[in-house]
Amino acid sequence: MKPKGWLDDEPEEIDDPEVAKPKDWDDEEDGEWEAPKIDNPKCEITPSYGEWKRPLKKNPAYKGKWHAPFIDNPNYKGI
């Protein structure tokens, strides 16, 4: 069961709201302006964030990835 308060759609980092695009920024010359990123403050007060996946249980009977057994063919004569 998903923990109470889990934030499904919150990103880990957000654009810094205190930083504005510089006045002398030219999109053609300097490229598209991107605000610096900061840690999302909503994520600090909740149990966690992002896509929630049900935890997996260990299977004690698991023996590894299955491969077909190699069986010798006595009728094979080669290429």
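Higher on the page you've got the structure.
What counts and what doesn't
- Residues numbered from 1 in each chain as written.
- Predicted model: local features only at pLDDT ≥ 70, side-chain atom pairs only at ≥ 80, totals over all residues.
- Heavy atoms only, no water.
- Helix = DSSP H or I, 4+ residues; strand = E, 2+ residues; numbered from the N terminus.
- Buried < 20%, exposed > 50% of the residue type's maximum accessible area, 1.4 Å probe, protein only.
- Areas by Shrake-Rupley, 256 points an atom, 1.4 Å probe, with all protein chains shown as cover.
- Contact = heavy atoms within 4.5 Å.

Visitor: Explanation requested: the overall build of the protein chain in the structure shown.
Guide: What the protein chain contains, in helices and strands, is 1 helix and 2 strands. When the helices and strands of the protein chain are read in sequence order from the N terminus, they spell out β-α-β. Taking all 79 residues of the protein chain together, 8% fall into the buried category. If you sum the accessible surface of the protein chain, you get close to 8,200 Å²; carbon and sulfur atoms cover 53% of it.

Visitor: Would you explain the environment of Trp52 in this entry?
Guide: Here Trp52 is to be found in the segment after β2 (37-39). Sequence separation between Trp52 and Pro3 is 49 residues, and the spatial gap between their C-alpha atoms is 9.2 Å.

Visitor: Can you help me understand the environment of Pro22 in this one?
Guide: Among the structural elements, Pro22 can be located in the loop between β1 (13-15) and α1 (27-30). On the accessibility criterion, Pro22 (34% relative accessible area) is partly exposed. With 11 residues separating them in the primary sequence, Pro22 and Trp33 have C-alpha atoms 8.8 Å apart.

Visitor: Which parts of the structure should I look at to understand the environment of Asn40?
Guide: Looking at where Asn40 falls in the secondary structure, it is placed in the segment after β2. Residue class for Asn40 comes out buried when judged on its relative accessible area of 4%. It is 7.0 Å that separates the C-alpha atoms of Asn40 and Pro11, two residues lying 29 residues apart in sequence. Ignoring anything within four residues of it in the chain, the contact list for Asn40 reads Glu10, Pro11, Glu12, Glu13 and Ile14.

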